[in-house]
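The chain contents come next:
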Amino acid sequence: MIPIGLLGIGMASEHGERKLAAILAADVVGYSRLAGADEERTLARLRALRSDLVDPTIALWRGRVVKRTGDGILIEFRSVVDAMRCAIEVQNGMAERNAGLSEDRRLQFRVGVHLGDVVEEADGDLMGDGVNIAARLEGIAEPGGICLSAAAYEQVRDRLKEQFLDLGERTLKNIARPVRIYAVRTDATRPSGALLSDEPQKSGPPRLSIVVLPFANIGGDASRDYFVDGVTETLTTDLSRIRGSFVIARNTAFSYKGKAVDVKQIGRELNVRYVLEGSVQSGGARLRVNVQLIEAETGNHLWADRFDKPVADLFEMQDEIVVRLANQLNAQLMAVEARRAAQTPKPDSMDFYFQGKASLNKGWTLESLTQAREFFQRAIAADPTNSEAVISSAGVDVLLVASGMVEDRETRLAAAEAAVASALALSPDNAMAHRILGGTCIYTGRADLGIAQYERALALDPNLAHAHAIIGFAKLCFGRVQETEAHVREALRLSPRDVSAFAWYSYIGSAKLLLGADEEAVAWYRKSIEANRNAPFVHYLLAAALNNIGRHEEARMAMKAAIEFDPTFTIRRWQKSLPPSDLPVVVSQ
C-alpha cells in the first residue's frame with residue numbers, strides 16, 4: 001500500500017495556492033496482512049475506530065481531512081501543536097483499545113507530522129514537499145509511534161509535555177535535503193522500543209470500555225422503534241463524553257440488534273469490560289425503561305434501574321431518560337473502576353483518578369472530600385499531564401471552600417483557578433474545567449463571568465446538571481432571586497438522585513425565604529435535610545424560616561440539631577465561605 005501522502009510527489013500545480021501548513025499523515029501497520037486474515041472483521045474494527053476515536057479527535061483539534069485511502073489518511077491543521085495533540089490522543093487511545101489483544105489482532109497506526117510549504121488545489125487537495133515529507137515520516141515511524149520533522153519539533157518542543165527523541169538527520173526518498181527527525185514517546189510506544197521495567201503492565205480490555213446494545217422494543221409496537229433506537233444512539237454519544245471512556249460505535253453495536261447475545265462473548269469480540277442492556281415497554285399511557293449494567297468478563301450484574309413515566313412528548317422523554325441514565329452510569333462506572341483500582345498491585349495515575357472520583361461521589365463530608373483530593377494528588381504525582389486529575393483536585397478545593405470546611409479560602413481559590421486555567425490552555429473544550437473555573441469566579445465575586453463559564457460548560461456537555469444548579473445559585477447570590485428555581489428544577493430533572501441534590505433543594509428554599517414565601521422555604525429546607533442530615537447550615541436556615549412564621553419551638557429544635565451534627569460549626573466560618581453577598585444560602589460547587 002502506497003502511503004497517501006506520496007500521491008502528491010511531483011504534482012504540485014502552478015495554479016494552486018501556496019501556503020504554510022501543518023500536515024499529518026497516518027496509515028495502518030500491516031493492513032494487507034490483517035485484511036487477508038479476516039477482511040470483514042478488520043474493516044468493521046477500522047470503521048469503529050474512525051467513528052469512535054479518529055474522526056472525533058480530528059474534529060476536536062480542528063483538523064481538515066484532505067484525503068483518505070482504505071487504511072490511510074492525510075489531514076491539514078492550522079497549528080502544529082493541534083496536529084501533535086491529535087496524533088498523541090489517537091495513539092494513546094489506540095494503546096488502550098489494543099490492551100489485552102494478541103499481536104496478530106492489534107490495529108496500529110504510524111503517524112508523521114511536518115510543518116512545511118504546500119500547494120492547495122482548487123478541490124482542496126494538497127501537493128508538494130510539505131505533504132511528501134509528512135508521508136515519509138509516517139513510513140519510518142514505529143507501530144503506534146509518531147515521527148515529526150525538526151520544523152514541527154521547534155514549534156511544539158516547549159508547548160507539549162511529551163518526551164522527544166532526536167533520531168538525527170535522515171535522507172528521505174525523493175526529498176532533496178536530509179531532514180532531522182524526532183520521535184515522540186506515547187502510551188502506544190517508546191522511542192527505544194522497550195518498556196520501562198518499573199511500569200505496571202495491564203492486560204484485558206481498556207478501562208471504562210463499554211458497548212450499549214440496542215434496546216429491545218417490548219410489546220411489538222413498531223411505531224416506537226425510532227424512539228427505542230434513539231435512546232440507544234443518544235446514550236452511546238453521551239457516555240462517550242466521559243473522560244477516558246471507550247464506547248463502541250453505534251454501527252458496531254447495532255450489528256447485534258435482534259440477536260440472542262452472550263455478554264461474555266461480546267466482551268471478547270469487542271474487547272470491552274462492560275455491556276449495557278435495556279428495554280422499552282409501553283402500556284397504555286405509560287412508558288417503562290429498564291436498564292442493566294453487566295461485567296462482560298464474568299456476566300455479573302453490576303447495576304440496574306427502571307424509569308416509569310407517563311407518555312408525553314417522546315423526544316423530550318428520550319432526552320430526559322438518556323441524561324438521567326448517563327449521569328447515573330457515570331457514577332456507577334467510576335465506582336466499579338475504583339474497586340478494580342484498589343486491587344491493582346501497581347496502581348497508575350488513572351487508577352488513583354478513578355478512586356478519587358468514587359470518593360467524591362460518596363458525598364459532602366470532610367473525610368470523603370479530603371480522601372478524594374489525596375487520590376487526585378497521587379494521580380498528578382504519578383502523571384503530571386493527567387489534566388482530569390488536575391481539574392478534579394481543583395474542584396475539590398472549590399467544594400471545600402463552598403462547604404465552609406476550610407479556613408484558607410483565598411489560597412485555595414487562587415490555586416484552583418490557576419490549575420484550571422492551565423488545563424484549559426491545553427484543552428479549551430474541557431467542559432468540567434469550564435465548570436470549575438466558573439465556581440472560582442462565583443466565589444470571588446465575579447458572577448457574570450462565572451455564569452458565562454457554566455453556560456460554556458453546558459454548551460460542551462448538556463448532561464452537567466450541576467451547571468444548571470449553580471447558575472441558579474449564582475443568581476440567588478447576586479440579586480436575581482426570581483430566576484433561581486427554574487435553573488435548579490432543570491438540574492433536578494436531569495439528575496434527581498444526585499449526591500448534591502440536598503444543596504440544590506436548599507437553593508430553592510433560600511430563594512423562597514428571600515421572596516418572603518416562608519412556608520415554602522420550610523418545605524424545601526426539610527426536603528434538603530431529608531436528603532442529607534449532615535449539613536448544619538441547612539438546619540440553621542430552617543430555623544430562620546421557622547422563626548419567621550412564629551414556629552419558635554421548632555426553630556429552637558432545628559438550632560439544636562445543627563449544633564449536635566457539628567459542634568465546631570460556626571456561622572462566621574460559613575459566611576466567610578460564601579460569595580461576596582449577605583444573602584442566606586447553602587453553597588455548592
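Attention in this report is confined to the structure presented alongside it. (Residues numbered from 1 in each chain as written. Predicted model: local features only at pLDDT ≥ 70, side-chain atom pairs only at ≥ 80, totals over all residues. Heavy atoms only, no water.)

To continue, consider the overall build of the protein chain. Each helix and strand counted, the protein chain has 22 helices and 14 strands in total. Here the protein chain holds 589 residues, and 53% of them are scored as buried. (Helix = DSSP H or I, 4+ residues; strand = E, 2+ residues; numbered from the N terminus. Buried < 20%, exposed > 50% of the residue type's maximum accessible area, 1.4 Å probe, protein only.)

Packing of helix H15 (residues 447-460) against helix H16 (residues 465-477) brings their axes to within 9 Å, and their N-to-C directions diverge by 165 degrees. When the axis of H15 is compared with that of H16, the two are roughly antiparallel. Remark: the crossing between H15 and H16 carries left-handed chirality. Contacts between H15 and H16 involve Ile451, Tyr454, Glu455 and Leu458 on the former and, on the latter, Ala467, His468, Ile470, Ile471, Ala474 and Lys475. Looking at the contact of H15 with H16, its residues break down into 7 nonpolar, 1 polar and 2 charged. (Axes fitted to C-alpha atoms, helices over the stretch in contact; angles between N-to-C directions. Parallel < 35°, antiparallel > 145°, perpendicular 65-115°, else oblique. Left-handed = near helix turned anticlockwise from the far one by under 90°. Contact = heavy atoms within 4.5 Å. Nonpolar A, V, L, I, M, F, W, Y, C, P; charged D, E, K, R; others polar.)

Take the pattern of salt bridges next. On inspection of all chains with the given rule, the structure shows 28 salt bridges. In this structure, Arg62 and Asp82 form a salt bridge, with 3.2 Å as the shortest nitrogen-oxygen distance. With Arg62 in the loop between helix H2 (39-60) and strand S2 (64-68) and Asp82 in helix H3 (residues 80-98), this residue pair connects regions lying 20 residues apart in the sequence. We classify Arg62 as partly exposed; its relative accessible area is 42%. Arg64 is paired through a salt bridge with Glu76; the nearest N and O atoms lie 2.8 Å apart. Here Arg64, found in strand S2, pairs with Glu76, found in strand S3 (residues 72-77); they are 12 residues apart in sequence, far enough to count as distant. On the basis of relative accessibility, which here comes to 30%, the residue Arg64 falls in the partly exposed class. A cluster of three or more residues bridged by salt bridges with shared partners is formed by Lys19, Arg64, Glu76 and Glu120. (Salt bridge = Lys/Arg side-chain N within 4 Å of Asp/Glu carboxyl O.)

Turning our attention to helix H17 (residues 484-494). Residues of H17 that are buried include every one of Thr484, Val488, Ala491, Leu492 and Leu494, and no others. The buried side chains of H17 occupy one side of the element, clustering within an arc of 165 degrees when seen end-on. (Arc of directions from axis to C-beta.)

Here H16 spans 19 Å end to end across 13 residues, near enough to the 18 Å set by a 1.5 Å rise per residue. Across the 13 residues that make up H16, a large majority, 13, are buried. Trailing H16 by a residue or two, Gly479 shows a phi angle of about 95 degrees, which is positive. (Expected span 1.5 Å × (residues − 1).)

By the bridge criterion, 9 bridges tie strand S13 (residues 286-295) to strand S14 (residues 301-310) in an arrangement that is antiparallel. Across the sheet, the residue bridging to Val291 is Asp305, located in S14. Where S13 folds back on S14, the antiparallel hairpin that results is connected by 5 residues, among which Gly299 adopts a positive phi of roughly 80 degrees. (Pairing = 2+ DSSP bridges.)

This brings us to the pairing of S3. Within S3, 6 of the 6 residues are buried, which leaves the element mostly enclosed by the surrounding structure. The alternating pattern of S3 places Gly72, Leu74 and Glu76 and Ile73, Ile75 and Phe77 on opposite faces, both of which are buried. In the sheet, strand S1 (residues 17-28) pairs with S3 via 6 bridges, with the strands oriented antiparallel. Paired with Ile23 across the strands is Glu76, a residue of S3. Connecting the antiparallel pair S2 and S3 is a turn made up of 3 residues.

Let's shift gears to the packing of aromatic side chains. One pass over the full model with this rule turns up 7 aromatic pairs. A ring pair is formed by Tyr153 and Tyr182, whose centres lie 3.8 Å apart and whose planes are at 10 degrees; its orientation type is stacked. Of this pair, Tyr153 sits in helix H5 (residues 150-156) while Tyr182 sits in strand S8 (residues 179-184), and the two are 29 residues apart along the sequence. There is no split in this pair, since Tyr153 and Tyr182 are both buried. (Phe/Tyr/Trp six-rings, centres within 6.5 Å; stacked < 30°, edge-to-face > 60°.)

By size, the foremost hydrophobic cluster in this structure holds 104 residues, and its most contacted members are Phe215, Leu235 and Trp504. Apart from the residues lying within four places of it in its own chain, the contact partners of Phe215 are Val228, Val231, Thr232, Leu235, Glu277, Gly278, Ser279, Val280, Val289 and Val291. Among the nonpolar cores identified, the runner-up in size contains 38 residues, and Leu34, Ile58, Met84 and Ala87 belong to it. (Core = buried A, V, L, I, M, F, W, Y, C linked by side-chain atoms within 4.5 Å.)

Coordinates in, geometry out; function isn't part of it.
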